[in-house]
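Descriptive analysis of the structure
This is what each chain is made of:
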Amino acid sequence: MAKVEMSKIELLAPIEQSKEIFDFLQFSSVIDLSDSEDNGDIYKLSTSQTVSQFEKNLSISRSSLAVLDKYSPENKGLLSSFSGREEMPISEYLKKTEEMNKILNECYDINSFEKAISKSDADIARHRAMLDRLRPWLSLDIPMQFEKTVHTSAFIGNLPGEYSHDRLQKAFSEKLEGEDRFDFKLIASSQERSYVFVICHKECEEQVYKALRALGFAHPGDPTKHPPRVRYERLEKEIKSLELQKAKALKEIEDRASLRGDIEFLCDYFTIRKDKYDALSKLALSKRVFIINGYIATREADKLVKKLESKWTVAVSISTLSEDDEPPILLDNNTFSAPMESITEMYALPTKEDVDPSSAMSFFYYFFFGLMLSDAGYGIIMVLAAMLAKRFMKLESSMKKTLNMFLFCGISTIFWGVMFGGFFGDIIPVIAREFFNTEIPTASLALWFEPLADPMRLLMYSFLFGIVHLFAGLGVRFAMLWKSGKKLDAFLDVVPVYMLVTGAAPICAAIISKGIPEWTTSAGKYLAIIGLISVVLTAGRSSKNIFGKLGGGLFGLYNIGSGYLGDILSYSRLLALGLCTGVIASVVNLLGTIPQSTPVKAVVLVIAFIVGHTVNIAINLIGTYVHTNRLQYVEFFSKFYEGGGKAFSPLTANTKYFKLMEEK
């Protein structure tokens, strides 16, 4: 179906029914609301304050969920991330909303316990740092703030470097020559610092202090009022108390781990409410009625109108689009092309003038993906993984489309693997040679030919496939111009390019390969000349004078020549990635056959096979995906596609954890 046809919808209803109708529309997910304008007696709601409150509650809910994930993580399976949301009937959702305040209070508690843990951790870290600073002073049996008595002065602090008692005695003697009215005690010493207590008569206080400063003396940063051991023991008790508080808060959080589902529901609930009040600001209201304007898929319009009219007093108008309307874009394709919708959306959605490129590129996407991966073994793994996931896992529609993409890509990979004889690289010939003394030529496994033995042949076909791909894009452009009534433009913009490129292709191929028949180059020469003349005569047709037309024609010829040459050469990546997969796979198999002993070789080959091919398929899947996308975006889309459309974003219950289902 490609782009879904859109219609405009306008709904009027009594304001008393606004809540019920709006909730119904949100759960129906079919209307993309348009912003209404104030007009006389018609006004709009200001919902920013309410939205801010819901955002605050949502933030609190998400924070508490993050706390549970941090301190009491949920045990999930390896593939749980691929599973869909838990289904919940709307009636159960409405019933559960009555518990919201209670659950929100629990979220506040969880967050407060997390803050208590963080505060305890910070206090414990600070106390432990203080213990580290006090540890060297534990043998000091006086307060660290002690400074003097009636007749003496004292200095307690540290010196840089490691001192012994004799070395410190010598250092003091050098600084205090002839002075013997002082004494000191070396409390502790390490490579970085030495801790000392110095006492002297008050008469020589200044000389002693100068000597200490000359040695780099520094007072303690936080001297104690009591002997260091007293404070040390008190800090140890405080650390134990803080650890108990932390353990208690952690236990409180763990006891609330059972509320995870309720908190997830709370996150969805506040998301729905926030989105609803965001949307309410787009409505137009009067004293008695409210008005909704927006876009709806034409196929959904009649069904929605019937439901509305059967339940409420409403007036609904469905109208076709005018030329000035810019409707939102919704894509809908068959199973084969639907996986390409996400590829298109990553680039840009089509405008109302564009065609949906998803269908046009789907065959080429799978074709090129398989050609670049080109190993039947890897393709079988992709197909089996996709089929098993679809069969046994509960998947969202977007994940189903992604799995379908890899399913079709896997089928294409199997096809090209069979054509090129790639089955986990050359594992079949390796096993036959190493364990059964039988030689199986790799080329004999290929239904067509072996790329590693004849890379130039694959290069030529890569260019050929690229030309077909580019011509398909031009064909779409031809159809778009023809459909819009520009039939002459369709012919003159596309057909000369077909002739020029088709004619030049065999001539260029003959330069690279010797196997090109002479009659094709002769025919190509004349066809290229006709195309060249046509481009020169028609590319500048929009200019009003003869020189402008000629200049435009020559410029158009230059663009076609340089542009298409670069585009076609870009398809050499089909060869490069195809060979890359096969070469790495063969190297992995070769590494497994290094041991001489047959039993050891078997074990090593199995290990190398599992690890090496797992890494190879992972790396090459990423590379193949990226380069296949690039061929669509740069080479294919540039021939006909503009993009820039706005996505269809209906008012919906945009939930993350629960999928709301309407009872039948």
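In the block above lies the structure referred to throughout.
Reference entry: report on the structure contained in this document. None of these values were measured; they are calculated from a predicted model.

The rules behind the values
All residue numbers refer to positions counted from 1 along the written sequence of the respective chain. Only residues with pLDDT of at least 70 get local features here, since the model is predicted, and only at 80 or more are side-chain atom pairs given and counted; chain-wide, interface and lining totals rely on the full set of residues. With hydrogens and water set aside, each side-chain value is computed from the structure's full complement of heavy atoms. Comment: axis = line fitted to C-alpha atoms, over the contacting stretch for helices; angle = value between 0 and 180 degrees taken between N-to-C directions. Helix and strand assignments come from DSSP, with helices taken as H or I runs of at least 4 residues and strands as E runs of at least 2, each series counted from the N terminus. Throughout, the term roughly parallel applies to angles under 35 degrees, roughly antiparallel to angles over 145, roughly perpendicular to angles from 65 to 115, and oblique to all others. Contact definition: two residues touch when any of their heavy atoms are within 4.5 Å. Ten residues, namely Ala, Val, Leu, Ile, Met, Phe, Trp, Tyr, Cys and Pro, are considered nonpolar, four, namely Asp, Glu, Lys and Arg, are considered charged, and the remaining ones, Gly among them, are considered polar. Within this document, salt bridges are pairs made up of a side-chain nitrogen of Lys or Arg and a carboxyl oxygen of Asp or Glu, the two lying within 4 Å of each other. For each residue, the accessible area found with a 1.4 Å probe, counting protein chains only, is set against the maximum for its type, and the residue is called buried under 20%, exposed over 50%, and partly exposed in between. Of the grid points, spaced at 1 Å and generated over the protein atoms alone, those admitting a 1.4 Å probe that cannot get out make up cavities, while open sets with protein on both sides within 12 Å along at least five of seven lines make up pockets; any residue with an atom within 4 Å of a point is treated as lining. Grid points are joined across faces, edges and corners, and a volume is the space filled by probe spheres set on the points. Left-handed is the label given to a crossing in which the near helix is rotated counterclockwise from the far helix by less than a right angle, and right-handed is the label when the rotation is clockwise. Strands were regarded as paired on the criterion that DSSP finds at least two bridges between them. To estimate how far a helix should reach, multiply one less than its number of residues by 1.5 Å. The patches reported here contain residues having more than 30% relative accessible area and no salt bridge. Joining distances are 9 Å for like charges and 5 Å for nonpolar side chains (Val, Leu, Ile, Met, Phe, Trp, Tyr). Under the convention used here, a 1.4 Å probe and the Shrake-Rupley method define accessible areas, while residue burial counts only the protein chains that appear. Under the convention used here, Asp and Glu are negative, Lys and Arg are positive, and both His and the chain ends fall outside the count. Every charge is mapped onto a representative atom, which is NZ of Lys, CZ of Arg, CG of Asp or CD of Glu. For this quantity, the arc is that covered by the directions from the helix axis to the C-beta atoms.

Another point: the packing of helix 11 (residues 357-373) against helix 20 (residues 572-591). Relative orientation of the contacting elements helix 11 and helix 20 amounts to 45°, with a least axis distance of 6 Å. As summarised for this structure, helix 11 and helix 20 are arranged oblique, according to the angle between their axes. Counted together, Phe368, Leu371, Met372 and Leu373 of helix 11 and Arg573, Leu574, Leu577, Gly578 and Thr581 of helix 20 form the full contact between these two elements. Of the residues contributing to the contact of helix 11 with helix 20, the split by class is 6 nonpolar, 2 polar and 1 charged.

Further remarks concern the pattern of salt bridges. One pass over the structure, following the stated rule, counts 31 salt bridges. Among the ionic pairs, Asp255 bridges to Lys251, the shortest N-O distance being 3.0 Å. With a gap of 4 residues between them, Asp255 and Lys251 both fall in helix 7 (residues 228-255), about one helical turn apart. For Lys251, a relative accessible area of 45% translates into the label partly exposed. Here Glu434 ties to Lys601 by a salt bridge, and the two come within 2.7 Å at their closest N and O atoms. Within this pair, whereas Glu434 is found in helix 14 (residues 427-436), its partner Lys601 is found in helix 21 (residues 598-636), the two being separated by 167 residues in sequence. Via salt bridges that share partners, Arg477, Asp489, Asp493 and Arg541 belong to a single interconnected network.

The next thing to look at is the layout of surface pockets. Of the volumes computed, that of the largest pocket is approximately 1,300 Å³. In terms of lining residues, the largest pocket is bounded by 36 residues, among which Ser29, Leu330, Ser397, Pro650 and Thr652 are the most central. Listing elements by their share of the lining of the largest pocket, those giving two or more residues are helix 1 (18-28), helix 9 (298-311), helix 10 (340-347), helix 13 (397-420) and strand 12 (658-661). If you tally residues by element for the lining of the largest pocket, the top one is helix 9, at 5 residues.

Once that is clear, we can look at the environment of Met144. Tracing the backbone shows Met144 in the loop between helix 4 (100-134) and strand 5 (152-160). Each C-alpha atom of the pair Met144 and Lys225 lies 6.4 Å from the other, and the pair is 81 residues apart in sequence. The contacts of Met144, once residues within four sequence positions are left out, are Leu134, Trp137, Ile156, Pro220, Pro223, Thr224, His226 and Pro228.

Further remarks concern the packing of helix 4 against helix 8 (residues 260-280). For the pair helix 4 and helix 8, interaxial distance at closest approach is 10 Å and the crossing angle is 110°. Considered as vectors, helix 4 and helix 8 are oriented roughly perpendicular to each other. The hand of the helix 4/helix 8 crossing is left-handed. The segment helix 4 lies against helix 8, with Met100, Ile103, Leu104, Cys107 and Ile110 engaging Asp262, Ile263, Phe265, Leu266, Tyr269 and Phe270. A breakdown of the residues in the contact of helix 4 with helix 8 according to their chemical character gives 10 nonpolar, no polar and 1 charged.

Take the pairing of strand 2 (residues 6-14) next. Here strand 2 runs beside strand 9 (residues 289-297); their pairing, made up of 9 bridges, is antiparallel. Within the sheet, the bridge partner assigned to Pro14 lies in strand 9 and is Val289.

Locating Met361 in the fold gives a position in helix 11. Here Met361 falls in the buried class, since its relative accessible area comes to 0%. When the C-alpha atoms of Met361 and Thr344 are compared, they prove to be 9.5 Å apart, with 17 residues separating the residues in sequence. Beyond its immediate sequence surroundings of up to four residues, Met361 is in contact with Met340, Ile343, Thr344, Gln632, Phe636 and Phe637.

Right, let's get into helix 7. The end-to-end C-alpha distance of helix 7, which contains 28 residues, comes to 40 Å, matching closely the 40 Å that a straight helix rising 1.5 Å per residue would cover. Along helix 7, the positions that sit buried rather than exposed are Pro228, Arg231, Tyr232, Leu235, Ile239, Leu242, Ala249 and Ile253.

Further remarks concern a negative patch on the surface. On the surface, Glu323, Asp324, Glu326 and Glu353 cluster together into a patch of negative charge. Relative to the helices and strands, Glu326 resides in the loop between strand 10 (315-319) and strand 11 (331-332).

Attention shifts here to helix 5 (residues 165-175). When helix 5 is considered as a whole, its buried residues turn out to be Leu168, Ala171 and Phe172. Summarising the axial view, the buried residues of helix 5 lie within an arc of 95°, below the 170-degree limit, and thus occupy one face. Facing away from the buried side of helix 5 by over 90 degrees, the exposed positions are Asp166, Lys170 and Glu174. Buried positions along helix 5 lie against strand 5, strand 6 (182-189), strand 7 (193-201) and helix 6 (205-214).

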